[in-house]
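Examining the three-dimensional arrangement
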Amino acid sequence: MHGRKRNAASKPEEDAASAAEALELRLLQSQFMSNHHQKIYTKEAIQLSAKLQEINPEAYTAWNYRKLAVEYNLDSADPSLVNSILDKELEVVENALKRNLKSYGAWYHRKWVLSKGQCSSLDKELQLLNKYQKLDDEIKKNLVLRNFHLWNYRRFVVELTKTSEQDELQHTTDMINDNFSNYSAWHNRSVLLSSLVAKKADGFMPKETIRREFDYVHNAIFTEEDDQSGWFYYLWLLDQTVKMETPLRASPWPSDGSNIILSGPGCFNGSSSKFTTYCSESGSFPLILYFDQAVSGVSSSTVTIDSELKSNEDLVWEPVPEKNSQVSCVWVARLKFDRTEPVKVKVSLGKSRGIVSSTGCNLITPYEFVFTVHIDDTVGESQEGIISWTDGFDSWDAQSSKDLNSLITLDQLEVDTGFEWRKQAIKIEIEQFRKLPDSKFGKLNLAKLLMAEETMISDDDAVKGVHYKEILQLYNDLMALDSWHDQYYKDEHSVALLRKVTSSTESLTRHLFRNRNMNSIVCLRLNNLTLSRIAALEKLLFVQMLDLSHNELHSAEGLEAMQLLCCLNLSHNRIKSFSALHSLRHLKQLRVLDVSHNHIGCKHPVDTTRYLCSSSFSNSGETGRKVPSKYRDTYLVLRDLMKLKQFDIRGNDLIAGEEFSSFVRQVVPTLVWLDGNKLAS
Amino acid sequence: MSDLPPYPPLDPSNYDLIVVGTGVSESVSAAAASSSGSSVLHLDPNPFYGSHFAALSLPDLTSFLHSNSVSPPPSSPPIPPSNSHELISVDLVHRSLYSSVEISSFDSEILEEHSRRFNVDLCGPRVVFCADESINLMLKSGANNYVEFKSIEASFVGDSSGELRNVPDSRAAIFKSKSLTLLEKNLLMKFFKLVQSQLAKSDDDTTTVKISEEDMESPFVDFLTKMRLPPNIKSIILYAIAMLDYDQDNMETCRHLLKTKEGIDRLALYIKSMGRFSNALGALIYPIYGQGELPQAFCRRAAVKGCVYVLRMPITALLLDKETGGYKGVRLASGQEIFSQKLILDPCINVGLESLSSLTDQQNETLRVLVPKAMINKEKIARGICVIRGSVKSDVSNALIVYPPKSLFPEQLTAIRVLQLGSGLAVCPADMHVLYFSTLCKNDDQGIKALLSAMGNLIRLPVPESDSVVENVTCEAKPLLLWRALYVQELVKGEFGGVISSMPSPDENLNYKETVESAVKLYEQIMGSEELFKEETSLENTTEENEGGVEIDEN
């Protein structure tokens, strides 16, 4: 471990020696235990426990015994002896640490002794720590570079001695200058700087501090580009540059200035209007708020609706995916409508405080958006035909449409503070890392920086989107360069690709169609793009029909944000189980679902997505229905899809057969088409 | 030397080996021979150990340089070849290694007050690389018990601007360096890693050959260019890490164009030195009390093993067998004749040309290595010693400074090395430093000029020269010169002559690698022994070696 050499196999005489040692230890142990039980705290008894500890610093009971002994002796001792008693304890700890520098019990005991008021020797404590941290033996060095006991204790002592954070920062600098692979020192540096910046200490304004630290950590990264310690620190810095004070941003549906048509049940009459048609069967339609950070506090008191529609005063806002959760990125409310003439709806948020992001960002500037609802009350024939993913698509020029979503920065006030220098800092970093063209880490970092800059310039139409080509190329290079982390690069590539596609109306238009067979609803086709992950959902809230076929998706995670989805094609992907489709159960409008030609039910029963997904199976367990355990996951997804009419699961590994079909029909009574066959009613 | 107290006659008068001179090579031979059980007589004409490797007080150094710079007149009226027995005696002459000796004192009062507190090296600048063969030999022989070392804290590269930049010779140094750009840091570290992986490559592992055979045979300087290293880094690697002397970019003046293979070896020595002893600050260490401690340590080792020592005892003549012409023994200055199987001599001892004419061919053959060679176009080494008040770099006491070729002035053909040592090494009084300078040269003037240029870059003369008024502002920061010695030393190679062998003079290198290696080789030729200090390795020193071997004082 950590470069330690394996010891040669022990010789017989060594075995004998260790057996003798064990015998001695056992003897000590039993003597000690009897002392402990009889509460004997004589000098000899304490001596005995010290000896035990020297051999075995992990003996917790012995440490506790010492605490009792100290308490006992302090009570009866002359005040002048207090220091000598405590000093003795520190000595015992030091001896124990000689045996094991990573002994929890020993370090804890030391803290306890200090808390007894032994503060006269605190400087000595720092000296001791410095001694440990400068151990030069190679093995011990590893023990020190990765020893959080030492650093934790150091922070404890520093607090007691009231050593200034600036001095401690200098200490980390010294340690790093000595060997910059000291992850603990870098970490402590980040802790100290966070505190200094938060306090607005002299010389630690964010702008200067971040620039200075970037310059410092460059030395580590450029000197040895595959040393992780520097990179960890770098990523922390990058995070501080991009995220600090970033205002909350949101994307609503319907979007500001848009027109939507609500059509009656089963109404697919082929409207050619430019407006988004939303098919509503329950006399209501969803209002969606997507935030770029998880927020809490979305309710009828923080979001007000101003319209002629009645009975919408007490809208219930529900977080997606988890109803019980207090924070979420996606919030949905169902707006009831009772009119036949067009109605303007104004939604305002931020009038009263209460919407707070998980990073503590409080929405204070009011934001409002207005949309118009048209009612199309022609009752069409209810849709019974099978929906095809291959034909019926007309291209759609969305340029003039106001339906497309975009992220809107909610707190305009905060935008200006520091935004410019942060952008500038990222620019400088990009320039730096263009100089490391052959390095894996350099490429990855450059891609991350470019992505960060894209996020920062996303409001600027003139320059936005300029980096995507380069980012995609970088990830392609990385996949070839470092096949070990292929999947990670693929995921990042997918994210970048989706951001690219959604970066402008123009590029999004290439993937947007209207489906003739489905009441001309808007269909987004993202097939054949080697996507392995879904992203940029805030721009896609309006989508009702989504084609993700022929990609490399492992999971449907994230799709729950697209609350309007009624048709979804996930065929020809790499989904391995129904638990990977778990997020689909939140898509209440889903009528058509194609998961054919995946690997669902494949032979590897260990399904890691089960542990990764946020879903909690215990909650959804109260089924009330007898479900065969092998179909449990299937059941948990399908039972909530109350409108599902068409379902395709052909070409998967194991699931097939009459038994399964009848199970599906049982769970989804609305189903009309299964695997391309019309079901007998 | 005439008032030497009379020596009692030596007893016995017959030895396996007589060694004359107590330089490093001679002392290693004496120690090795004694420890292998030979009877050895070790003589030195001087009253101190070390010969040309000695560390001396300022007056002793002055008189040694002066007495060795001009050929002394024939000591006594030449004794006619004695025909008393079957022996013929051949008179020896002293060859002087030094020329252009110039010693100036700028503050005699202070220096006289402290004169005995100086231990100034004759063969400076010289340090020990931790992974040097000399350290191995000390550990093997047990001589390490008699010497203590301290680290050279820093090494710098200088130029005509007077600025001293740290040599980025380790990972931490590259990280900290303020003079390298980020990209240079990247390239340099990559290069070091390449060298390291080349070194780590074991013979059975053929998969990770990093440097091609073709590259290994190409000039090192070309290889560095191929590795995309910019000129400033190339210069640091060539002159401040590989410690080369000649300008590798100048084919006309470069007498030794280093191959990549040799370059990697030199870097390997440096890199191994960095990591050898955990309590050393860097690659270089220096013996407390000066270089003289090293030969002395080997002498002590030899004495423990039974070697007989006589100082202040020159030899005046060689004794040859009249009939066979073979070597028999030597005549001491005391007049006593001592006999031995073999003889090892200091490089200064030669045979007078005039005495050769009367000898037979066999006799001439025996004396072959003692006949002075014609010095045609031979390089010399210019050395300089300065005693200064203060330090050339604040916060640093013991430091190495390298001026690569052309860095000080356009005609500078070879690198100039400077070693500053402080009172911590017990070589001078506190608040002073001793500086050693050296550079290879074709002639005395060229060498002295280069040294003066480097000195002017670092040191302020006490009396401002009339034409240096302009520089007054920058001069203020420079340390003040108290004493200076300039001299040029001849480079004499060691030679194996069967029974009589001649040892080399101090070489031009910064370390002892070549000195010790050639001494070992020569010794093995002379004694036919397979390995030096074989018996010592087995028992007494193994534990010490495990613990790091040599004593390095950390303060």
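Residues numbered from 1 in each chain as written. Chains lettered and ligands numbered in written order. Predicted model: local features only at pLDDT ≥ 70, side-chain atom pairs only at ≥ 80, totals over all residues. Heavy atoms only, no water.

To keep it simple, the criterion reads: UniProt positions are given in the numbering used here, feature names are shortened, and annotations may be inferred rather than shown by experiment.
In the annotation of an unreviewed UniProt entry, the entry for chain B reads Rab escort protein 1, and the organism field reads Camelina sativa. In its Sequence similarities (unreviewed entry) section, the UniProt entry covering chain B states "Belongs to the Rab GDI family."

Under an unreviewed UniProt entry, the name given to chain A is Geranylgeranyl transferase type-2 subunit alpha, and the organism recorded is Camelina sativa. The record in UniProt for chain A states the following under Function (unreviewed entry): "Catalyzes the transfer of a geranyl-geranyl moiety from geranyl-geranyl pyrophosphate to cysteines occuring in specific C-terminal amino acid sequences." Of chain A, the UniProt comment under Sequence similarities (unreviewed entry) reads exactly: "Belongs to the protein prenyltransferase subunit alpha family."

**Notes on the overall build of chain A**
Using the following cut-off: Working definition: helices are DSSP H or I runs of at least four residues, strands are E runs of at least two. Numbering for both runs from the N terminus. Buried residues are those whose accessible area, probed at 1.4 Å on protein chains only, stays under 20% of the maximum for their type, while exposed residues exceed 50% and partly exposed ones sit between those limits. Every residue pair with non-hydrogen atoms within 4.5 Å of one another is taken to be in contact. Throughout, the Shrake-Rupley method with a 1.4 Å probe supplies accessible areas, and for residues the shown protein chains are the sole cover considered.
Helices and strands together make up the secondary structure of chain A, namely 21 helices and 20 strands. The proportion of buried residues among the 681 residues of chain A is 53%. A sequence separation of at least 24 residues applies to 68% of the contacts in chain A between residues at least 6 apart. Summed over all atoms, the accessible surface of chain A reaches about 32200 Å², with 52% contributed by carbon and sulfur.

**Regarding the overall build of chain B**
Scanning chain B from terminus to terminus reveals 18 helices and 23 strands. Split into buried and exposed, the 555 residues of chain B put 56% on the buried side. Within chain B, residue pairs in contact and separated by at least 24 positions form 74% of the contacts whose partners lie at least 6 positions apart.

**Topic: the sheet that holds strand β23 (residues 551-553) of chain B**
For the record, the criterion: One requirement defines pairing of two strands: DSSP has to find at least two bridges between them.
The four strands lie next to each other as β7-β11-β8-β23 (chain B), forming an open sheet whose pairing is mixed. Edge positions in the sheet fall to β7 (128-129) and β23 of chain B, since each of these pairs with one other strand and no more.

**Section: the interface of chain A and chain B**
Rules: When two parts are put together, the accessible area they lose, computed with a 1.4 Å probe and summed over both, is reported as buried area. Take a side-chain nitrogen of Lys or Arg and a carboxyl oxygen of Asp or Glu: if they are within 4 Å of each other, that pair is a salt bridge. Two N or O atoms count as a polar contact when they lie within 3.5 Å, although within protein this holds only if one can serve as hydrogen donor and the other as acceptor, and sequence-adjacent residues are included solely when both atoms are side-chain atoms. For this classification, the nonpolar set comprises Ala, Val, Leu, Ile, Met, Phe, Trp, Tyr, Cys and Pro, the charged set comprises Asp, Glu, Lys and Arg, and every other residue, Gly included, is treated as polar.
If you look at the interface, chain A gives 22 residues, while chain B gives 14 residues. Carbon and sulfur atoms make up 54% of the area that chain A and chain B hide from each other, which totals about 1500 Å². Inspection of the chain A/chain B interface yields five salt bridges. A salt bridge links Glu-224 of chain A to Arg-171 of chain B; the nearest nitrogen and oxygen atoms lie 2.2 Å apart. The tally of links from chain A across to chain B stands at nine residue pairs in polar contact (both at pLDDT 80 or more). Listed by contribution, the elements that provide at least two residues to the side of chain A that touches chain B are α9 (165-178) and α11 (206-223) of chain A. Residue composition of the side of chain A that touches chain B, by class: seven nonpolar, seven polar and eight charged.

**Examining the pattern of salt bridges**
Here the structure, examined in full by the defined rule, presents 47 salt bridges over all chains. Two residues, Asp-226 of chain A and Lys-193 of chain B, come together in a salt bridge whose shortest N-O distance is 3.5 Å. Here Lys-193 of chain B lies in helix α6 (residues 182-200) and Asp-226 of chain A lies in the loop between α11 and α12 (228-243), a pairing that spans two chains. Taking relative accessible area as the criterion, Lys-193 of chain B reaches 30% and is therefore assigned partly exposed.

**Quick look at the pairing of strand β20 (residues 432-441) of chain B**
Residues and elements named next belong to chain B. Most of β20 is tucked away: 10 of the 10 residues are buried. Relative to β20, strand β17 (residues 380-389) is paired through 10 bridges, and the arrangement is antiparallel. Counted as the bridge partner of Arg-389 is Met-432 from β20. Relative to β20, strand β19 (residues 416-422) is paired through six bridges, and the arrangement is antiparallel. Pairing of Val-418 across the sheet is with Phe-437, part of β20.

**Regarding the nonpolar core**
Defined as follows: Note on terminology: a nonpolar core comprises buried Ala, Val, Leu, Ile, Met, Phe, Trp, Tyr and Cys residues joined through side-chain atoms within 4.5 Å.
One finds Leu-570 and Phe-647 of chain A to be the most contacted residues of the largest nonpolar core, which totals 170 residues. Residues within four places of Phe-647 of chain A in sequence aside, it is in contact with Phe-578, Leu-593, Val-595, Leu-638, Val-664, Leu-671, Trp-673, Leu-674 and Asp-675 of chain A.

**So, unusual backbone geometry**
Residue and element names in this part refer to chain A. For the bond from Trp-253 to Pro-254, the omega torsion is -5°, close enough to zero to count as cis. With respect to the helices and strands, Pro-254 occurs in the loop between β1 (249-253) and β2 (259-263). One non-glycine residue with positive phi stands out, namely Lys-200, at about 55°. As for its placement among the helices and strands, Lys-200 is situated in the loop between α10 (183-198) and α11. A residue is classified by how much of its surface remains accessible, and Lys-200, at 60% relative accessible area, is exposed. Residues other than glycine seldom take positive phi values, yet Ala-536 does so here, at roughly 60°. Among the structural elements, Ala-536 can be located in the loop between β14 (521-525) and β15 (545-547). Judged by its relative accessible area of 3%, Ala-536 falls in the buried class.

**Description of the packing of helix α4 (residues 133-141) of chain B against helix α11 (residues 293-304) of chain B**
All names here are of chain B. Test applied: Where helices are involved, their axes are fitted lines through C-alpha atoms of the stretch in contact, as for all axes, and angles between N-to-C directions lie from 0 to 180°. To sort the angles, those under 35 degrees are grouped as roughly parallel, those over 145 as roughly antiparallel, those from 65 to 115 as roughly perpendicular, and the leftovers as oblique. Should the near helix be turned anticlockwise from the far one by less than a right angle, the crossing is termed left-handed; should it be turned clockwise, right-handed.
Axis separation between α4 and α11 bottoms out at 11 Å; the angle between their running directions is 25°. Relative to α11, α4 is oriented roughly parallel. Crossing of α4 over α11 shows left-handed handedness. Counted together, Leu-137, Met-138 and Ser-141 of α4 and Leu-294, Ala-297, Phe-298 and Arg-301 of α11 form the full contact between these two elements. Split by residue class, the contact of α4 with α11 holds five nonpolar, one polar and one charged.

**Focus on the sheet that holds strand β21 (residues 480-490) of chain B**
Residue and element names in this part refer to chain B. If you walk across this open sheet you meet the eight strands as β5-β21-β17-β20-β19-β18-β9-β10, and the pairing is mixed. Each having just a single partner strand, β5 (98-105) and β10 (164-166) make up the two edges of the open sheet. Put simply, the sheet's adjacent strands are angled 20° from each other on average, direction ignored. Sheet topology places β5 next to β21; six bridges connect them, and they run antiparallel. Bridging from a neighbouring strand, Ser-104 pairs with Arg-484 of β21. Across the face of the sheet, helix α14 (residues 444-458) comes into contact with β5, β10, β17, β18 (399-403), β19, β20 and β21 while running at roughly 145° to β20.

**Focus: the packing of α11 of chain A against α6 of chain B**
Relative placement of two packed helices is described by the angle separating their axes and the distance separating the axes. Remark: α11 of chain A packs on α6 of chain B, axes separated minimally by 7 Å, with the N-to-C direction vectors making an angle of 30°. When the axis of α11 of chain A is compared with that of α6 of chain B, the two are roughly parallel. Relative to α6 of chain B, the crossing made by α11 of chain A is right-handed. Residues His-218, Asn-219, Phe-222 and Thr-223 of chain A of α11 of chain A lie in contact with α6 of chain B, whose contacting residues are Leu-182, Leu-183, Lys-185, Asn-186 and Met-189 of chain B. Of the residues contributing to the contact of α11 of chain A with α6 of chain B, the split by class is four nonpolar, four polar and one charged.

**A short note on a nonpolar patch on the surface**
Residue and element names in this part refer to chain A. Stated formally: To count toward a patch, a residue needs a relative accessible area over 30% and no salt bridge; like charges are then connected within 9 Å, while nonpolar side chains (Val, Leu, Ile, Met, Phe, Trp, Tyr) are connected within 5 Å.
Side chains of Tyr-60, Tyr-104 and Phe-148 sit close together on the surface and give an oily, nonpolar patch of about 350 Å² of accessible area. You can see Phe-148 is positioned in helix α8 (residues 148-161). According to the relative accessible area criterion, Phe-148 is partly exposed, its value standing at 44%.

**As for the environment of Val-70 of chain A**
Residue and element names in this part refer to chain A. In this fold, Val-70 is placed in helix α3 (residues 60-76). Val-70 gets classed as buried once you look at its relative accessible area, which sits at 3%. C-alpha of Val-70 to C-alpha of Val-345: the two residues are 275 residues apart in sequence and 73 Å apart in space. Leaving out residues up to four positions away in the same chain, Val-70 has contacts with Ile-85, Leu-86, Glu-89 and Trp-112.

**Digging into α11 of chain A**
To keep it simple, the criterion reads: In this scheme, a helix's expected span is set at 1.5 Å multiplied by one less than its residue total.
A rise of 1.5 Å per residue sets the reference length of α11 of chain A, with its 18 residues, at 26 Å; its end C-alpha atoms lie 26 Å apart and thus fit the reference within 8%. Counted residue by residue, α11 of chain A has 13 buried out of 18 residues, so it is predominantly covered.

**Side note on α14 of chain B**
Residues and elements named next belong to chain B. In this model, α14 (15 residues) spans 21 Å end to end at C-alpha, consistent with the 21 Å of a helix rising 1.5 Å per residue. If you check which residues of α14 are buried, you get Asp-444, Gly-447, Ile-448, Ala-450, Leu-451, Ala-454, Met-455, Asn-457 and Leu-458. Structurally, the start of α14 carries an N-cap: the backbone nitrogen of Asp-445 is 3.3 Å from a side-chain oxygen of Asn-443.

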